[in-house]
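Commentary on secondary and tertiary structure
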Amino acid sequence: MLLGPTAVAVVLMLLTTSTAAACGPIVTGVRVSLEARTADGATVRLDKTQMAHAATIVEVGSAIDGVGRDGIVVALMAALTESRLRMLANSTAYPVSADYPNDGDASDHDSLGLFQMRPAAGWGSVSELMDASYQAAAFYGGSDGPNHGSPRGLLDVPQWDSLPKGSAAQSVEVSAYPDRYAAYEPVAEAILVALTKHSPSPPATAAGPSPVAAALHDTTRVVFPLPADTWTWTSGFGHRVHPVFGTRLLHAGVDYAAPPGTPVLAAADGVVHDVSWSARSGNLLVLDHVIDGQEVATAYAHLLDGSVTVHDGDRISAGQQVASVGTTGAATGPHLHFEVHPGGFYSPVDPEPWLAGRAPVQLSKTAVGSQRSCTGVS
């Protein structure tokens, strides 16, 4: 999703803008790598998984009123210092933590995850702390945070925004080494710029089309991603309280409930961009297309275990079965979560108006809405 398994899931399921008052920086793409220097000149190299975790931190912070850009930078500094932006298990203190998706094992007391939070200190359960979005929300804190001020998150620190950013990070982390955080401020700034700078797929030039366009033929045929009379509309594009996590997030696609095993169909001719899994999206498939001359990515989440029939790089045809409906990841029942990203995998739009102009017959079971953005969504 240009992304690895965790990165894909983050952008898919965590494009978190909130109400207009809480609308912060928006992730427009997750780079596969980044190199930056600390304040004291050390080189930091981050891979796609680390950048995906950074995207989670940005998106969660953007959805919380009062955090803003400065608060996000503080959170990135803290996670860089504590874990190098890795979701760390702790099999010594909590053997079960290794059963959750992780980027390695650490053994610092009973600390877990991106921010090295301790269950014994009241930050949350092992299962909660092995979820990147929960940890980010806990770090930001505030009255709506998961810990309600104890332990205190950033928003619970009086006048945190008047402190040096390194001191603000220390106020939450309460580390025995309080001077470590400040060095990572330029790295955090570089990450935020890289994640939120609009960087669409390279356009066609005199030298030739973009890599995606060059690899695919243009098509006008679009099909609905599920067979007729197999599905029921359950949730549309827009802000909502997540049914599993209980936080207000942008639902970046549309959900169609269907029986487990229902065929999931490719929306158009294209090529497989990513096949991956995460705790949030479950089994995930991303396809690249060129439709009416425009590059478009479509995404299909919560797919049934073992049902994906294609692999990275495979060419697929419109209407081809590529997987089956399942309940994997953060899902409350069997359904297909479907997303559309015109211009490549950067910013989602409401799939229903997009489908209505291309595959209108199947949409009779749902009222077609309009494209929504960060502002103006209730």
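One structure accompanies this document, and this report is about it.

So, on to the overall build of the protein. When its secondary structure is counted, the protein shows 9 helices and 13 strands. Counting all 378 residues of the protein, 55% fall into the buried class. Per element, the accessible surface of the protein, about 14,800 Å² overall, is 53% carbon and sulfur.

Taking 1.5 Å of rise per residue, the 16 residues of helix H3 (residues 68-83) would be expected to cover 22 Å, and the 23 Å separating its terminal C-alpha atoms lies within 8% of that figure. Counting buried residues along H3, 13 of its 16 residues qualify, which places the element largely inside the surrounding structure. Looking one or two places after H3, you find Arg-84, whose phi comes out positive at around 55 degrees.

This brings us to the nonpolar core. Counting residues in each nonpolar core, the largest one holds 53 residues, and the members touching the most others are Ile-57, Leu-76, Phe-115, Phe-139, Tyr-140 and Ile-191. Sorting the residues of this core by element identifies strand S1 (33-37), strand S2 (43-47), helix H2 (48-62), H3, helix H4 (126-129), helix H5 (132-140), helix H6 (165-173) and helix H7 (185-196) as the ones contributing at least two each. Among the elements that make up this core, the one with the highest residue count is H3 (9 residues). Each residue touching Ile-191, except ones within four places of it in the same chain, is listed here: Leu-34, Leu-46, Met-51, Ala-54, Leu-76, Leu-80 and Leu-85. Counting 29 residues, the second largest nonpolar core, distinct from the first, contains Leu-226, Phe-338, Val-340 and Val-349.

This next bit is on the environment of Ala-120. Positionally, Ala-120 belongs in the loop between H3 and H4. For the pair Ala-120 and Asp-110, spaced 10 residues apart in sequence, the C-alpha separation works out to 7.4 Å. When residues no more than four places from it in sequence are discounted, the contact partners of Ala-120 are Tyr-94 and Asp-110.

Cut-off values and rules
Residues numbered from 1 in each chain as written. Predicted model: local features only at pLDDT ≥ 70, side-chain atom pairs only at ≥ 80, totals over all residues. Heavy atoms only, no water. Helix = DSSP H or I, 4+ residues; strand = E, 2+ residues; numbered from the N terminus. Buried < 20%, exposed > 50% of the residue type's maximum accessible area, 1.4 Å probe, protein only. Areas by Shrake-Rupley, 256 points an atom, 1.4 Å probe, with all protein chains shown as cover. Expected span 1.5 Å × (residues − 1). Core = buried A, V, L, I, M, F, W, Y, C linked by side-chain atoms within 4.5 Å. Contact = heavy atoms within 4.5 Å.

All we've got here are geometric facts, nothing functional implied.
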